[in-house]
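Spelled out from the first residue to the last, the chains are:
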Amino acid sequence: MAALSLDSPVPAADALRQGHDLFLTREDWHVLYPHLQHAHAPDTGSHAVLTLKSNGQVIGAITLSFREERALSETERQHLRSVAAQCALALERGDLNARLQQQERLYRKLADYSSDVVSVIALDGTTKFISPALTRMVGYTPEERLGHTVFEGIHPEDRDRVLREFGEAVRSPLPRLVSYRFQHKAGHWVWLESTGTNAIHDPDLCGVVINTRDVTSRMEAEEARRTSERRLQLFGEQSDTLIRIFSAGGVCLYVSPAANNMLGYTPEELGTYGVKELLHPEDQPMVEAAWTAHTPIPAHRMRRPDGTYLWVESTLRRVTDETGVLVEVHVATRDVTSRKEAEDALHLQLCRFQHLVNLTAEFAAQEGVEQHIHTALERCLDLTPFRYGFYFPINGDTLIEPLQAGQESGEMLAWVAPLEQVHRTGDIGKALRRHQAYFAGQDQALFTPPEPLPRPVWTSLAVLPVVARGVLRGFMTFGTNERVEIDADTRRLLTSVSEQASRAVERSAHLDELKESREETLRALGLALEYRDYETKGHTDRVVALTEQLGQALGFSGDDLDALRWGAFLHDTGKVAIPDAILLKPGKLDAEEWEVIKRHPGIGYEMLHHIPSLPATTLEVVLYHQERWNGSGYPKGLAGADIPLAARVFAVVDVYDALTSERPYKKAWTHEEAAAQLRKKQGFSLTLRWSIRLYN
């Protein structure tokens, strides 16, 4: 039967969609369904489309066609509706019967595929029904057990107990559970567990319904557990591992003799404590979480009788009965103090190493000497017992204002004067002159004559030189007002930081020299261009200074400001390729000469863009500084915001300097005249904002 879409333009779909019967004459058919004329036989008269309803819902439709062409009477229509109702009832019964058969097949398959055996036993113990799962469980077919007493095959030691439970199931409305041994058809014994439910008064059953499952694996596991427990107890009495057994309610049932050697309690004393009573407060949440999750308990601390704590590690074993109810919890505890101390020492070493790696990375990312030193001070305080630190820069023999770190450094600032005196003399001065670290404990004097010991401040002290290019540039000092032992690891760490700080300071000084050298080189290139044209003498220094001022006013800073300034130095580099006859011509340039002049930005770019240290912003100034806002500039005729920002900034300065400088063909304009001209031309070639900034 083909499915019919309710959206189909056919009579049956209309009837189903509208929910009522349709009675159509031949003329109705032609009018309503002209697209179905090919399906209308010539000898067909009227039509009836009857809806089929079940429980008030339309479930289908029947279409009837008649040879006679006439409208059906109301009596005929009612008769047809009665026929349709009978058809709907027949469909409903057929559907109900199909569902019943499907349900019956389902229940039969559930019984066939169930791993449990389902049986119905009469009051005298005779088997009335038993499911096919019996064969998989004990080897017998259902036919071999039907009519036989259910108690045949039960182990003699278990039979009386099973008979009692069966009698209770007959008398009680509540289910009864019993475990027993049953002899398999192959001869061996299997453990079964049966639940009997009284269904005597059910007319379809008239007996006790028994559900049986194979529990051999579970029973064997429980026996293995009991054997293991006996062995565990023997092991616990002779092992260094502490064994405790707790009831389900947390009461201690057994403590092994290892309690005395491990924790200092006798087994009887430790048995008075619950499993969580001796835990360190910080470890209780972790232990409780592991206890709840039935997982091994990580390293935790247990309190000794003297109040000190011991690091231990415990494993749990939950013991349940055959119903899965918790019976006991076995706890095995080991002393892991040595391992924990080794782990803590390793963690400290790794932490120090990571801090050194981070310090190296931070030094690489920082440029200022003060940043380097302050970072070194803070990292050393993080990794050592010292509480405060200072760095004293040295200029010749003079100490400069120190840098400081640590929460107590502000209070200790007033106590640094004695250190300023001894950095040239005594043992500290000797160590610094040799570029060596100096460490002093609480029992070692620093001054001459010796000060009273122990010192109330700088009780323990470390002095570390910072050296660059063989010259002492300063020294770091770390101190604490407490008695601490400066171990070899701490000394090596501080010495390593001192060496890194020295390298960072040396690198920073070298970078400063490189930057200064680069500035002078770029300025020399700019001045060299001036010497070809004495009329523009001083142009380079002026435009560089003005460009830096205007760039700062407009928000340029850092690398961006450097790139803008370098562009000012190099903006006319391309003029080195312009012939003197054109560049130095006193009169007006003709069109051909002007085209040669307009090539100098591109020539300068080609000369400079291969230099990797020149940033893109510098090259943009060189290439585009002659572009104009309205597109009338050169070399590419860019207009408006298409002109790079740095080039636009420099163009303002370049025009301003040209206006205020004297030339053979004009006098120098005053500042006010040049500013007025810039304001006048701001809509044509420059921007008002920059013109006003420069004017101001």
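Described below are features of the structure shown in this document. (Residues numbered from 1 in each chain as written. Predicted model: local features only at pLDDT ≥ 70, side-chain atom pairs only at ≥ 80, totals over all residues. Heavy atoms only, no water.)

A sheet is described by the order of its strands in space; here five strands give the open sequence β10-β9-β13-β12-β11, paired in antiparallel fashion. Looking along the sheet, the strands with just one partner apiece sit at the ends: β10 (252–255) and β11 (297–303). Averaged over all pairs of adjacent strands, the angle between their axes in this sheet comes to 30°, without regard to strand direction. Strand direction decides the pairing type here: β11 and strand β12 (residues 309–320), joined by five bridges, are antiparallel. Each residue of the ladder has a partner; that of M302, found in β12, is L310. Across the sheet, helix α10 (residues 284–293) lies against β11, β12 and β13 (326–335), angled at about 130° from β11, the strand it touches most. (Pairing = 2+ DSSP bridges. Helix = DSSP H or I, 4+ residues; strand = E, 2+ residues; numbered from the N terminus. Axes fitted to C-alpha atoms, helices over the stretch in contact; angles between N-to-C directions. Contact = heavy atoms within 4.5 Å.)

The subject of this paragraph is the nonpolar core. Counting 26 residues, the largest nonpolar core has L550, F556, L564, L570, L608 and V649 as the members making the most contacts within it. Among the elements of the structure, α17 (539–553), α18 (558–570), α22 (616–624), α23 (645–660) and α24 (671–680) are those that each provide at least two residues to this core. No other element matches α23, which puts seven residues into this core. If we ignore the near neighbours within four places in the chain, the residues touching F556 are G551, L561, L564, L645 and V649. (Core = buried A, V, L, I, M, F, W, Y, C linked by side-chain atoms within 4.5 Å. Buried < 20%, exposed > 50% of the residue type's maximum accessible area, 1.4 Å probe, protein only.)

The peptide bond linking L453 to P454 adopts the cis configuration, its omega dihedral lying at -5°. With respect to the secondary-structure elements, P454 resides in the loop between β17 (438–440) and β18 (460–468). Note that the residue after Y634, namely P635, is joined by a cis bond; omega there is 15°. Topologically, P635 is positioned in the loop between α22 and α23. Despite not being glycine, R469 shows a phi value in the positive range, around 55°. Looking at where R469 falls in the secondary structure, it is placed in the loop between β18 and β19 (471–480). Given a relative accessible area of 43%, R469 falls into the partly exposed group.

In short, the description is geometric, and any link to function would need to be established separately.
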